[in-house]
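Working through the structure, step by step
The residues making up each chain are set out below.
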Amino acid sequence: MKHWLLLLWLLLPLPVLVWHYGPGQKWFARDIAQGLLEKAQAAEAKRHWREAEEFYRLASDRVGNSDQQLRTQLDLALVRTRYRQGGAVEAIDMVDRLVADPRFHQQPEELQREARELAGRIHYHAAWVMRLEGAQRDLWMEEAELARQNFRMLAERSLAKADTNYSLLQQTNLETAVRLQRMSLTELM
């Protein structure tokens, strides 16, 4: 009987060790990522874009692919900070990859809406700048069309859900994107 109790006593830490080196590592990484996320959000609120991007990147590295929703939120934050630093080209590539990801449609509706709205704004800004800089029509028109498509999708979905305030905002964005495609260069200036 003593031997069995001794064996049981020696095996007692085994489940704790298994948990610690298994699911516990994911929880630990998420805790660290949450701390980094809070620092990034504080830096973003102060408009310290470079610092915020670094914290978001570190948090994203910690999370890996263990939590897809958190990973998408971090990727979206990275797009936003990159865009705010003037890296529109990288932001366009990042947001297009994010929206084109097959797992993107499994994300919560609010996260999809935020990503589409940011994509629309970035494409609209890119079309505006390209047009002012004298880029070829087909190049800036492609960006304007991508902005229009994102805003239209947002307007239609929010209208179907009877979210009239958000739908009106997106309809205004849609009209602005269409106006960009139709106005002359002198009107643009």
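No experiment lies behind these values; they were computed from the predicted model shown.

Across its full length, the protein chain carries 10 helices and 0 strands. Order of helices (α) and strands (β) in the protein chain, N terminus to C terminus: α-α-α-α-α-α-α-α-α-α. Taken over the C-alpha trace, the protein chain has a radius of gyration of 23 Å; the compact-globule value for 189 residues is 16 Å, which it surpasses by more than 25%. On the principal axes, the C-alpha backbone points of the protein chain span a range of 95 × 35 × 30 Å. The buried share of the protein chain, taken over its 189 residues, is 38%. Within the protein chain, contacts between residues at least 6 apart in sequence are counted, and of these 58% link residues at least 24 apart. When the accessible area of the protein chain is evaluated, it comes to approximately 12200 Å², of which 57% is carbon and sulfur surface.

This part is about the nonpolar core. Membership of the largest hydrophobic core comes to 29 residues, with the highest contact counts inside it found for Tyr56, Leu74, Leu76, Val79, Ala115 and Ile122. At the level of secondary structure, the elements contributing two or more residues to this core comprise α3 (23-45), α4 (49-63), α5 (68-84), α6 (88-100) and α7 (109-132). If we skip the residues at most four places from it in the chain, Val79 touches Ala91, Met94, Val95, Leu118 and Ile122. Grouped together as the second largest cluster of nonpolar side chains are 12 residues, Tyr124, Leu154, Met183 and Leu188 included.

Right, let's talk about unusual backbone geometry for a bit. Here the phi dihedral of Arg47 falls at roughly 65°; this positive angle occurs in a residue that is not glycine. If you trace the backbone, Arg47 turns up in the loop between α3 and α4. By relative accessible area, Arg47 is classed as exposed at 63%. Located in the positive-phi region is Ala162, a residue other than glycine, with phi close to 60°. Note that Ala162 resides in the loop between α8 (137-160) and α9 (164-182).

Among the structural elements, Ser60 can be located in helix α4. In this structure Ser60 comes out as buried when scored by relative accessible area, which is 4%.

This brings us to α5. Look at α5: 24 Å from first C-alpha to last across 17 residues, which is about the 24 Å you get at 1.5 Å a residue. Every buried residue of α5 is accounted for by Leu70, Thr72, Leu74, Leu76, Ala77, Leu78, Val79, Arg80 and Thr81. Gly86, located one to two residues past α5, shows a positive phi value of around 95°.

About the criteria used
- Residues numbered from 1 in each chain as written.
- Predicted model: local features only at pLDDT ≥ 70, side-chain atom pairs only at ≥ 80, totals over all residues.
- Heavy atoms only, no water.
- Helix = DSSP H or I, 4+ residues; strand = E, 2+ residues; numbered from the N terminus.
- Rg over C-alpha atoms; globule rule 2.2 N^0.38 Å.
- Buried < 20%, exposed > 50% of the residue type's maximum accessible area, 1.4 Å probe, protein only.
- Contact = heavy atoms within 4.5 Å.
- Areas by Shrake-Rupley, 256 points an atom, 1.4 Å probe, with all protein chains shown as cover.
- Core = buried A, V, L, I, M, F, W, Y, C linked by side-chain atoms within 4.5 Å.
- Expected span 1.5 Å × (residues − 1).

Purely spatial values, then, with no claim about function.
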